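Here is what each chain is made of, one letter per residue.
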Amino acid sequence: MVEHRDGGPRRQGRGGARPDTTPPGARQRDSRRPAAKSWRQVQPARRVAYNVLRAVQDADAYANLLLPRELERAGLSGGDAALATELTYGTLRRVGTYDAVIALAADREPSTVDPAVLDALRLGVHQLMATRVASHAAVNESVELAREASGSGAAGFANAVLRRIARDNPGDWLTRVADTARSDDERIGLESSHPVWIVRALRRALMAEGRGEELDDLLDADNVSPRVTMAALPGLAEPDGTRTSYSPVGFRLRAGDPEPLVRASGGTVRVQDEGSQLAALALTRLAPVAEGERWLDLCAGPGGKTALLAADALAHGATLEANELVPARAGLVRKAIAPVPLEVEVHERDGRELADERPGTYDRILVDAPCTGLGALRRRPEARWRKQPSDVAELATVQAGLLRSAVGALKPGGTVAYVTCSPHLAETSAIVRQIVEELGNEVEELDARAVLRRVSRGAIDLPAPESGTGHAQLWPHRHGTDAMFIALLRRTR
């Protein structure tokens, strides 16, 4: 009944006819006439959230990049900024569940609703089902957003749908949604707001560790706002707050906005997920660094891990190069490493070609491979609706090519860290297994779990995969990090 069952909410194509947004018999506004002037003021926080939702759905914008700009443009800070952030990310995370509720309350498929009106409904449903916002405010202002988007007919439709939803408690609606499921996996997907293919992929990844029973905890963690984690570049800054559990350079602010601290430090302190910190440090600290080592960050954008590599390279007399295919992201890499007083050449090449041209050159290489990003759904919730199962195979070809080329660019005895922000087995252990089998005696897999235990400030729960391989998998529900996969391969000859 609900479109997202087979992979995500169906998106409306651009340039086609506008779908009907009013109940049968209601008169739509003539599209040639200007919309009626808004008669009700919409709170700025809600307007910012709505604008970001529209950009995400209509222009493939990234909420984590757009929202800060919208908050600044609207002059929002403190509680208003926090509300706009919660409304934006909360709605995006739960789109699948909210569309199922809307389908039941409206008795029509969400795909038949004008996308601008549908986003107003989603925003209203989130406030009704997951916040303490007064129901009259949630309904009235969402209705006004629908009015501004498509006129009085759309407003009447939105008003009827939201008032029907407001009459019953969220638990009743979730029960009704679950009752529409045609399978257990579909029910889990509807309740947790994850496409079914992602539910199955995450279950398989957990089962590879013998931890399949943790699936519900993982899905819940994907729908919770992550805590802000900071990194202090080693040798250039010191952690200034509550220390993180694992990363030796990580900390959390006691309170407040991190941006003033970042600016005051000149960039030597930055916001960075603890899993990303550990992935970079696993490479730089797996063994003592010899003076003059050459390092390469092969897929460097946007540069957070590159900055950590640069700081450790500076501290131990190593050199570092970085590479990023996309020019705009290469610019972000240059900005990220600017606070480190180390000359780092940033290439703008296909990483496979760059590595193939430099056989036997580097002592350590980081391959932070492009991936589906399923390990960062709590930070980039829209990714769950944009990615499709077909994306995995295409990415796997690129991932294997990058890792293969990176091994070839290593000196004998050199090490490559293969990292993805995805736990999908086809992007992680399958890639490592493919390259190890292909290269045979030229490469060996190291015990990444043992390396992370040495790097970590405290005990870290890293069960051995049932395959017996040496990779490490971090998890949001278990470690409070993004679901980073880390494997270490050493070139033997």
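What counts as what
- Residues numbered from 1 in each chain as written.
- Predicted model: local features only at pLDDT ≥ 70, side-chain atom pairs only at ≥ 80, totals over all residues.
- Heavy atoms only, no water.
- Helix = DSSP H or I, 4+ residues; strand = E, 2+ residues; numbered from the N terminus.
- Rg over C-alpha atoms; globule rule 2.2 N^0.38 Å.
- Buried < 20%, exposed > 50% of the residue type's maximum accessible area, 1.4 Å probe, protein only.
- Areas by Shrake-Rupley, 256 points an atom, 1.4 Å probe, with all protein chains shown as cover.
- Lys, Arg positive; Asp, Glu negative; His and termini not counted.
- Charge placed at Lys NZ, Arg CZ, Asp CG, Glu CD.
- Salt bridge = Lys/Arg side-chain N within 4 Å of Asp/Glu carboxyl O.
- Axes fitted to C-alpha atoms, helices over the stretch in contact; angles between N-to-C directions.
- Parallel < 35°, antiparallel > 145°, perpendicular 65-115°, else oblique.
- Left-handed = near helix turned anticlockwise from the far one by under 90°.
- Contact = heavy atoms within 4.5 Å.
- Nonpolar A, V, L, I, M, F, W, Y, C, P; charged D, E, K, R; others polar.
- Phe/Tyr/Trp six-rings, centres within 6.5 Å; stacked < 30°, edge-to-face > 60°.
- Lys NZ or Arg CZ within 6 Å of the ring centre and 35° of its normal.
- Pairing = 2+ DSSP bridges.

Peer 1: How do you make sense of the overall build of the protein chain when you look at a structure like this?
Peer 2: Within the protein chain one finds 21 helices and 12 strands. At 24 Å, the protein chain has a C-alpha radius of gyration in line with the 23 Å of a compact globule built from 493 residues. Residue burial in the protein chain is summarised as follows: out of 493 residues, 56% are buried. Only carbon and sulfur atoms are counted for the fraction: they give 49% of the accessible area of the protein chain, which is about 20,500 Å². Distance between charge centroids for the protein chain: 4 Å, based on 65 positive and 66 negative side chains.

Peer 1: Before we go on, may I ask you to explain the pattern of salt bridges in this structure?
Peer 2: Here the idea is simple: oppositely charged side chains can pair when their charged atoms come close. Inspection of the entire model under this criterion finds 34 salt bridges. For the salt bridge of R182 with E186, the shortest nitrogen-to-oxygen distance reads 3.1 Å. The exposed category is assigned to R182, whose relative accessible area is 59%. Through salt bridges with shared partners, one network takes in E209, R211, E214, D461 and R478.

Peer 1: Got a minute to help me understand the packing of helix α2 (residues 63–74) against helix α3 (residues 78–93) in this structure?
Peer 2: In a packed pair of helices, the relevant descriptors are the angle between the two axes and the axis-to-axis distance. Look at α2 against α3: their axes get within 11 Å of each other, and the N-to-C directions meet at 155°. Taken together, the axes of α2 and α3 are roughly antiparallel relative to one another. Remark: the crossing between α2 and α3 carries right-handed chirality. Residue-level contacts link A63, N64, L67 and L71 of α2 to A81, A84, T85, T88, Y89 and L92 of α3. A class-by-class count of the residues in the contact of α2 with α3 yields seven nonpolar, three polar and no charged.

Peer 1: Would you explain the packing of helix α4 (residues 95–106) against helix α7 (residues 152–167) in this entry?
Peer 2: Where α4 meets α7, the axes come as close as 9 Å, and the angle between the chain directions of the two elements is 105°. Comparing their axes, α7 and α4 come out roughly perpendicular. For the pair formed by α4 and α7, the contact residues are V101, L104, A105 and A106 on the first element and F157, V161, R164 and I165 on the second. Of the residues contributing to the contact of α4 with α7, the split by class is seven nonpolar, no polar and one charged.

Peer 1: Even after reading the chapter, I still don't get the packing of aromatic side chains, so can you show me in this structure?
Peer 2: Centre-to-centre distance and the angle between the planes together describe a pair of aromatic rings. On inspection of all chains with the given rule, the structure shows one aromatic pair. With a centroid separation of 6.2 Å and an interplanar angle of 75°, the aromatic rings of Y418 and F485 are classed as edge-to-face. You can see Y418 sitting in strand β9 (residues 410–420) and its partner F485 sitting in strand β12 (residues 485–491), a full 67 residues away along the chain. F485 sits in the buried class, given a relative accessible area of 1%. The residue whose ring lies beneath R108 is F157, and the NZ or CZ to ring-centre distance is 4.9 Å.

Peer 1: Help me understand the sheet that holds strand β4 (residues 269–271) in this model?
Peer 2: Hydrogen bonds between backbone groups are what pair the strands of a sheet, and the pairing can be parallel or antiparallel. Taken in spatial order, the four strands of this open sheet run β2-β3-β1-β4, and their pairing is antiparallel. In this open sheet, the two edge strands, each paired with only one partner strand, are β2 (242–243) and β4. With two bridges joining them, strand β1 (residues 230–232) and strand β3 (residues 250–252) adopt antiparallel strand pairing. Pairing of A231 across the sheet is with G250, part of β3.

Peer 1: Can you help me understand the environment of I486 in this one?
Peer 2: Mapped onto the fold, I486 is located in strand β12. What I486 contacts, discounting residues up to four positions off in sequence, is L278, A279, A282, Y418, V419, A448, L452, H471, A472 and L474.

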